[in-house]
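Listed below, chain by chain, are the residues.
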Amino acid sequence: MLGFLDGVRVQRQIESINRDIQQIKEVQQGLLTLQKDTNTLSQNIARDVTQETREDIWKGKKQQGYKDMYESLDKTLSSFKGDIGQQVYYMDYWISYLEGERSKLMVSLHEIKEALKKQESNK
């Protein structure tokens, strides 16, 4: 037979899931901000490379070395942005899973409340 303490435990689990979901969303937001900042940095570097390699001092090997360095950094930043996107996707999946578990717990909590009402009315 389900009792009041069972309802309290289920309610605490629901609250814990709600906190977890909120924390995951906060981390996601931070990652998305980092992804945006990384994109801005990449664009700024590309603009700098375009402007700087026009200068006479960057002709020939220096110019090519500078472009190679940028391309390497750009690949690193692109990979980083992709990794962030993948982590955000996985977090969305985890949030969906937690929301499903929370829904199940809410059904259980409702059933416990109904059982307690019946017990109370039978007294």
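In case you missed it, the structure is sitting above this.
K.L.:
What exactly am I supposed to notice about the overall build of the protein here?
P.N.:
Secondary structure assignment for the protein yields 2 helices and 0 strands. Judged by the C-alpha coordinates and their principal axes, the protein covers about 95 × 15 × 15 Å. Residues classed as buried in the protein amount to 20% of the 123 residues present. Contacts in the protein between residues far apart in sequence, at least 24 positions, make up 85% of those at least 6 positions apart. Surface exposure of the protein reaches about 9,200 Å², of which carbon and sulfur atoms provide 54%.

K.L.:
Explanation requested: helix α2 (residues 61-121) in the structure shown.
P.N.:
The α-helix winds at 3.6 residues per turn, so residues separated by three or four positions along the chain end up facing the same way. Taking 1.5 Å of rise per residue, 61 residues should cover 90 Å, and α2 covers 89 Å from first to last C-alpha, within 8% of that figure. Every buried residue of α2 is listed here: Tyr66, Tyr70, Leu77, Lys81, Ile84, Val88, Met91, Ile95, Leu98, Leu105, Leu109 and Ile112.

K.L.:
How should the pattern of salt bridges be read in this particular structure?
P.N.:
Two side chains with opposite charge may pair up if their charged atoms get near one another. Under the defined criterion, the tally for this structure stands at 3 salt bridges. Here Asp6 makes a salt bridge to Arg9, at a shortest N to O gap of 2.6 Å. Note that Asp6 and Arg9 are positioned in helix α1 (residues 4-52) at a spacing of 3 residues, about one turn of the helix. Given a relative accessible area of 22%, Asp6 falls into the partly exposed group. The salt bridge involving Glu114 is made with Lys117; its shortest N-O contact spans 3.7 Å. Taken together, the residues Glu114 and Lys117, both in helix α2 and 3 residues apart, mark about one turn of the helix. Owing to a relative accessible area of 31%, Glu114 belongs among the partly exposed residues under this scheme.

K.L.:
In this structure, what is going on with the packing of aromatic side chains? I would like to understand it.
P.N.:
Applying the stated criterion to the full structure yields 2 aromatic pairs. Residues Trp94 and Tyr97 carry aromatic rings whose centres are separated by 5.1 Å and whose planes lie at 20 degrees to one another, so their mutual orientation is stacked. With Trp94 and Tyr97 both in helix α2 and 3 residues apart, this pair spans about one turn of that helix. With a relative accessible area of 42%, Trp94 lands in the partly exposed category.

K.L.:
What am I meant to see in the environment of Gln35 here?
P.N.:
Looking at the secondary structure, you find Gln35 in helix α1. We classify Gln35 as partly exposed; its relative accessible area is 22%. Taking the C-alpha atoms as reference, Gln35 lies 9.4 Å from Asp83; in sequence the two are 48 residues apart. Apart from the residues lying within four places of it in its own chain, the contact partners of Gln35 are Lys81, Ile84 and Gly85.

How each quantity is defined
- Residues numbered from 1 in each chain as written.
- Predicted model: local features only at pLDDT ≥ 70, side-chain atom pairs only at ≥ 80, totals over all residues.
- Heavy atoms only, no water.
- Helix = DSSP H or I, 4+ residues; strand = E, 2+ residues; numbered from the N terminus.
- Buried < 20%, exposed > 50% of the residue type's maximum accessible area, 1.4 Å probe, protein only.
- Contact = heavy atoms within 4.5 Å.
- Areas by Shrake-Rupley, 256 points an atom, 1.4 Å probe, with all protein chains shown as cover.
- Expected span 1.5 Å × (residues − 1).
- Salt bridge = Lys/Arg side-chain N within 4 Å of Asp/Glu carboxyl O.
- Phe/Tyr/Trp six-rings, centres within 6.5 Å; stacked < 30°, edge-to-face > 60°.

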